[in-house]
Amino acid sequence: MNEDTKHRSRHTPVEMSSEEFKTAGYFLVDRIAELLGSLPERKITPGESPEDVKQLLSSQAGLPETGRDASGLLERAVGLLLDHSLYNGHPRFWGYITSSPAPLGMLADLLASAVNANVGAWKLAPMATEIEAQTVRWIAEFLGYPTEGDGLPVSGGNMANFVCVLAARVDKAQWDVRRQGMHAAASTMRVYATHETHTWIHKAADLFGLGTDAIRYIDTDISQRMDCLKLRQTIEQDLSAGDQPFLIVGSAGTVSTGVVDPLHEMAEIATAFDLWFHVDGAYGAFAVAADDVAENLSGLRKADSIAVDPHKWLYAPLEAGCALVRKKHALRDAFSYHPPYYHFDPERTNYFELGLQNSRGFRALKVWLILQQAGRRGYAQMIAEDIQLAQHFFDRLTDYPSLEALTHGLSIATFRYLPLDLRETADAEASHNYLNELNEKIMLQLEQEGEVFLSNAMIGGRFALRLCIVNFRTSLEDIDALPEIVVGVGDEIDLQMRPEVLRVST
Ligand SMILES: *Cc1c(COP(=O)(O)O)cnc(C)c1O
């Protein structure tokens with residue numbers, strides 16, 4: 001073949017004709033619509049073992065040498081995923097903090113990848129960049145946070161927190177940390193948080209050269225909120241020891257129990273000592289729109305930076321996080337470089353300059369769409385209802401003599417199965433250990449049965465069952481069914497598992 005004609009009509013294995021694409025696409029959309037329609041009847045998770053799941057892929061164990069037809073492949077993938085997945089879109093999924101995904105968000109991701117906008121540079125993604133910028137402003141507006149600062153859509157809460165900490169580090173370091181690195185520090189830079197802070201803080205302290213020893217864990221009060229007196233004292237001690245305090249981290253909804261730190265007071269202390277005040281709002285920040293908890297949460301408006309997670313309480317499909325920074329150009333100051341091979345107008349929004357990523361997918365589209373679909377009021381209502389349902393569940397626990405209510409914060413309630421005859425001795429070592437083991441078994445058994453899904457929390461050494469409602473599909477009926485399901489499973493396992501010494505002779 002001569003060079004001239006070689007590529008004139010090129011047939012590549014990844015191309016699809018318009019007809020082929022339509023057929024495959026309609027098939028896929030039909031199957032997804034069926035899934036959405038059948039969620040309540042499905043088991044939440046098939047509860048298969050890793051071996052079982054691996055086995056399903058074993059017919060094609062090695063890398064395929066030659067290609068295959070797209071629609072057949074898609075059909076197989078649909079079968080594998082739709083019958084062997086955990087459905088967090090199920091109305092009775094209440095584990096961890098993972099929301100039901102809004103259906104419009106699914107279509108948005110398809111559209112985003114069809115356009116394949118590279119939202120690293122304005123020139124490569126004109127409309128997508130402006131939609132991202134508008135989404136960031138809307139998120140700030142939603143929270144009542146200034147809209148003139150910087151903001152960056154990222155993959156999730158961890159990344160959003162990282163971006164904010166890096167901005168804080170550059171802003172507060174008294175030397176050129178970007179050029180000279182952390183070893184040029186004259187003294188230890190200190191971070192203040194509580195043990196309830198999500199584990200991103202370990203990764204951040206480690207990765208950004210502070211070291212995890214730089215974290216000062218401030219005691220919490222009886223309701224697990226940061227003790228501000230202790231915070232003040234610790235900062236003062238560190239200052240007189242010659243350290244450099246630079247960052248206070250508050251949680252707007254802790255990951256385990258939904259506790260909101262005293263954000264107003266923490267902001268005041270940060271101002272008094274000229275420290276950066278960061279709020280991790282990955283779980284709870286959006287709840288500031290719900291009247292009942294707004295007062296507590298509104299202190300986040302005083303933060304220098306906030307991490308939020310639209311893939312939690314805005315019900316966006318994974319992944320969607322967002323970092324917000326009060327100070328204009330703080331992200332640019334922390335991340336921007338101008339390599340000679342980039343010819344991008346610095347006056348325009350080029351997101352590669354504002355964060356860690358270079359090429360960037362168009363994650364904001366789904367958030368932009370669902371924010372319009374529900375509106376601020378729609379979200380305020382859905383979030384308030386999630387919180388009310390958790391409250392309702394927590395209040396109802398008193399009707400069940402073998403369930404013990406432990407904590408309630410935002411839309412998280414923790415409790416445990418505690419047989420009546422062990423109440424008196426629950427804290428004695430033998431009972432304590434047995435109850436922990438029993439509740440863990442209950443959680444796993446519930447998971448296996450697939451009717452409801454809970455996760456766990458450790459509350460003062462007690463293994464607790466944890467209900468977290470970030471789920472617009474959960475109804476009162478779903479919640480009202482839970483206590484009896486737990487009691488049923490608890491009674492059954494207790495009967496089988498109870499050691500002789502803990503049996504009450506009657
Ligand atoms: C979920 C969560 C994170 C981590 O967010 P990802 O989206 O999972 O990366 C951080 N902090 C809190 C409080 C969270 O709830």
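Values in this document were obtained by computation on a predicted structure and should not be read as measured data.

### A look at the state of the cysteines
Going through the model one piece at a time under the given rule, you end up with 0 disulfides. Left without a disulfide partner, Cys164 is nearest to the cysteine sulfur of Cys322, which lies 8.7 Å away. For Cys322, a relative accessible area of 2% puts it in the buried group.

### Observations regarding the site of the ligand
Around the ligand, the structure places 15 residues, and the nearest of them are Gly157, Asp280, Asp309, His311 and Lys312. Here an oxygen atom of the ligand and a backbone polar atom of Asn158 are 2.8 Å apart. Asp280 places a side-chain nitrogen or oxygen 2.7 Å from a nitrogen atom of the ligand. Alone, the ligand offers 380 Å² of accessible surface; in the complex the protein occludes 84% of this. Those elements that provide at least two residues to the shell around the ligand are α7 (157-172) and α13 (310-313). Looking at which element gives the most residues to the shell around the ligand, the answer is α7, with 3 residues. Grouping the constituent residues of the shell around the ligand by class yields 5 nonpolar, 7 polar and 3 charged.

### Examining the packing of helix α10 (residues 228-240) against helix α11 (residues 263-273)
Here α10 crosses α11 at 20°, and the two axes come no closer than 10 Å. In terms of their interaxial angle, α10 and α11 are classed as roughly parallel. The element α10 and its partner α11 pack so that their crossing is right-handed. Contact residues: Cys228, Leu231, Arg232, Ile235, Glu236 and Leu239 in α10; Glu265, Met266, Ile269 and Phe273 in α11. Taken together, the residues of the contact of α10 with α11 sort by class into 7 nonpolar, no polar and 3 charged.

### Regarding the packing of aromatic side chains
Enumeration over the complete set of coordinates arrives at 14 aromatic pairs. Put simply, the rings of Phe142, Phe286, Tyr315, Tyr379 and Phe472 touch in pairs and so form one group of aromatic residues. The aromatic ring of Tyr337 is capped on one face by Arg178, whose charged end is 4.4 Å from the ring centroid. The ring centre of Trp122 lies 4.6 Å from the NZ or CZ of Arg348, which sits over that ring.

### Some thoughts on the sheet that holds strand β11 (residues 453-459)
On the basis of which strands lie adjacent, the open sheet formed by 5 strands has the order β1-β11-β12-β10-β9 and mixed pairing. The sheet is open, and its two borders are formed by β1 (93-94) and β9 (403-409), each paired with just one other strand. The pairing of β1 with β11 spans 2 bridges and is parallel. If you follow Trp94 over to β11, its bridge partner there is Leu454. Those strands touched by helix α15 (residues 364-396) are β9, β10 (412-417) and β12 (462-468), and its axis lies near 150° from that of β9. Here helix α17 (residues 476-497) sits on the sheet in contact with β1, β9, β10, β11 and β12, set at roughly 30° to β10.

### Observations regarding the nonpolar core
Leu143, Ile248 and Trp313 are the most contacted members of the largest nonpolar core, which totals 107 residues. The element that contributes the greatest number of residues to this core is α15, accounting for 11 residues. Grouped together as the second largest cluster of nonpolar side chains are 34 residues, Leu418, Leu482, Val489 and Leu502 included.

### Considering the side chain of Asn436
Relative to the helices and strands, Asn436 resides in helix α16 (residues 429-449). Within polar-contact distance, the side chain of Asn436 engages the backbone nitrogen of Phe463 at 2.9 Å. Not counting chain neighbours up to four residues away, the residues in contact with Asn436 comprise Arg416, Met458, Gly461, Arg462 and Phe463.

### Brief notes about the packing of helix α5 (residues 103-115) against α15
Two elements in contact, α5 and α15, have axes separated by 8 Å at closest approach and are oriented at 145°. Read as a crossing pair, α5 and α15 show a hand that is right-handed. On α15, the residues touching Leu104, Gly105, Ala108, Asp109, Leu111 and Ala112 of α5 are Leu365, Lys366, Leu369, Ile370 and Gln373. Residues that form the contact of α5 with α15 fall into these classes: 7 nonpolar, 2 polar and 2 charged.

### Some remarks on the pairing of strand β3 (residues 189-193)
Of all 5 residues in β3, 5 are buried, a share of seventy percent or more. Of the two faces of β3, both are covered, the one formed by Met189, Val191 and Ala193 as well as the one formed by Arg190 and Tyr192. With 4 bridges joining them, β3 and strand β5 (residues 244-251) adopt parallel strand pairing. Bridge pairing in β5 places Tyr192 opposite Ile248. Where β3 lies against strand β4 (residues 215-217), 3 bridges are found, and the strand directions are parallel. Paired with Ala193 across the bridge in β4 is Tyr217.

Rules used in this analysis
- Residues numbered from 1 in each chain as written.
- Predicted model: local features only at pLDDT ≥ 70, side-chain atom pairs only at ≥ 80, totals over all residues.
- Heavy atoms only, no water.
- Disulfide = S-S within 2.5 Å.
- Buried < 20%, exposed > 50% of the residue type's maximum accessible area, 1.4 Å probe, protein only.
- Near = heavy atom within 4 Å.
- Polar contact = N/O pair within 3.5 Å; in protein donor to acceptor, adjacent residues only side chain to side chain.
- Areas by Shrake-Rupley, 256 points an atom, 1.4 Å probe, with all protein chains shown as cover.
- Helix = DSSP H or I, 4+ residues; strand = E, 2+ residues; numbered from the N terminus.
- Nonpolar A, V, L, I, M, F, W, Y, C, P; charged D, E, K, R; others polar.
- Axes fitted to C-alpha atoms, helices over the stretch in contact; angles between N-to-C directions.
- Parallel < 35°, antiparallel > 145°, perpendicular 65-115°, else oblique.
- Left-handed = near helix turned anticlockwise from the far one by under 90°.
- Contact = heavy atoms within 4.5 Å.
- Phe/Tyr/Trp six-rings, centres within 6.5 Å; stacked < 30°, edge-to-face > 60°.
- Lys NZ or Arg CZ within 6 Å of the ring centre and 35° of its normal.
- Pairing = 2+ DSSP bridges.
- Core = buried A, V, L, I, M, F, W, Y, C linked by side-chain atoms within 4.5 Å.

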